[in-house]
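Okay, here's what each chain looks like letter by letter:
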Amino acid sequence: MYRLISGFISHVTQKEEFSVLIMGLDNAGKTTFLERIKSTFNDTPQVDPASIAPTIGQNIGRITLSSSVLQFWDLGGQRDIRSIWPKYYSECHAVCFVIDSTDKERIEECWKVFETIVTDHRVDGVPTLVLANKQDAEGAMAVEDIKQMFNQLIVGKLNVSEGAVMPISALRGDGIREAVQWLFVRVQNSRKEGGR
Ligand code: G3D
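Residues numbered from 1 in each chain as written. Predicted model: local features only at pLDDT ≥ 70, side-chain atom pairs only at ≥ 80, totals over all residues. Heavy atoms only, no water.

Visitor: It is not clear to me how the packing of aromatic side chains should be interpreted in this structure. Could you clarify?
Guide: A ring pair, where both rings are aromatic, is described by two values, the distance of the centres and the angle of the planes. Inspection of the entire model under this criterion finds four aromatic pairs. Plain terms: the ring middles of F97 and F114 are 5.1 Å apart, the flat faces sit at 50 degrees to each other, and that makes the pair tilted. Of this pair, F97 sits in strand β4 (residues 94-100) while F114 sits in helix α3 (residues 107-118), and the two are 17 residues apart along the sequence. For the residue pair F97 and F114, the accessibility class agrees, reading buried in each case. Between F97 and F150, the ring centres sit 6.5 Å apart and the planes meet at 35 degrees, which makes this aromatic pair tilted. Taken together, the residues span a long stretch of sequence, with F97 in strand β4 and F150 in helix α4 (residues 143-157) at a distance of 53 residues. Summarising the burial analysis for this pair, F97 and F150 share the class buried. Grouped by ring-pair contacts, the aromatic residues F97, F114 and F150 constitute a single cluster. Lying across the ring of F41, R177 places its NZ or CZ 5.1 Å from the centre. (Phe/Tyr/Trp six-rings, centres within 6.5 Å; stacked < 30°, edge-to-face > 60°. Helix = DSSP H or I, 4+ residues; strand = E, 2+ residues; numbered from the N terminus. Buried < 20%, exposed > 50% of the residue type's maximum accessible area, 1.4 Å probe, protein only. Lys NZ or Arg CZ within 6 Å of the ring centre and 35° of its normal.)

Visitor: Is there a simple way to think about unusual backbone geometry in this case?
Guide: Leave glycine aside and you will find that most residues have negative phi; peptide bonds, for their part, are mostly trans. Even without being glycine, N27 reaches a positive phi, approximately 75 degrees. In this structure, N27 sits in the loop between β1 (16-23) and α2 (30-41). The exposed category is assigned to N27, whose relative accessible area is 55%. The phi dihedral of S66 falls on the positive side, at around 40 degrees, and the residue is not glycine. Its place among the elements puts S66 in the loop between β2 (59-65) and β3 (68-74).

Visitor: When you look at the confidence of the model for the chain in this model, what are you seeing that I'm missing?
Guide: Segments scoring low in pLDDT should not have their predicted coordinates read at a detailed level. Mean pLDDT over the chain stands at 88; residues scoring 70 or higher make up 84%. The element-level mean pLDDT for the chain is lowest in helix α1 (residues 2-13), coming to 60, with β4 highest at 97. (pLDDT = per-residue confidence, 0-100.)

Visitor: What should I look at first to understand the site of the ligand in this one?
Guide: Contacts to the ligand come from 17 residues, most closely from N27, K30, T31, T32 and D136. Separating an oxygen atom of the ligand from a backbone N or O atom of G29 is a distance of 2.9 Å. L171 places a main-chain nitrogen or oxygen 3.1 Å from an oxygen atom of the ligand. For the ligand, the accessible surface in isolation is 650 Å², of which the surrounding protein chains cover 74%. Among the elements that line the shell around the ligand, the one with the most residues is α2, at three residues. A per-class count over the shell around the ligand returns seven nonpolar, six polar and four charged. (Near = heavy atom within 4 Å. Polar contact = N/O pair within 3.5 Å; in protein donor to acceptor, adjacent residues only side chain to side chain. Areas by Shrake-Rupley, 256 points an atom, 1.4 Å probe, with all protein chains shown as cover. Nonpolar A, V, L, I, M, F, W, Y, C, P; charged D, E, K, R; others polar.)

Written out as structure tokens, the structure reads:
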């Protein structure tokens, strides 16, 4: 009887798990974004941005939203580390691509790297969110300009409900809740529709 009841309780209280990959060039603000998510949703103190070192390997953060757990993987963005990204594709439920909106010089490289991700068959149908980060900084590219550039790939490869470009400032925390909410709704819908 005890086993029956505890089995029932664990079934009822079990949370659905989703993995979200955070990718983008080095210095885009991926780690700051992850730390901001953790401090916003987990009541953990915000890490001093000055103490954030470049990611070697991965940083992981888990948050719980109603009956689901979202696990975020910050995979690091330096050129030699990017080769490990595809190893995570088959298991992920959403992709989050972070752009440094102040880095005009590397926007083309950014676009090319994003293209290699969305054209990989292992992420077919996976919700993909492009985040135009550092919107607080002077001289940041407008989100509309970034949208024009990236929408071409998103619309060509994903349908509109699976892809979006949103403005954020990971440093100030602007747009973080909206971004996580977008991901949360899309991963749920995707699973309901028979996706991963
Ligand atoms: P990465 O993990 O993608 O490599 P980091 O990037 O999170 O390490 O951030 C790289 C630098 O960008 C850091 O500055 C960080 O403070 C800054 N940064 C991240 N997000 C924002 C943002 O929204 N606005 C602004 N203005 N800066 C941001 P340092 O000076 O430590 O290199």
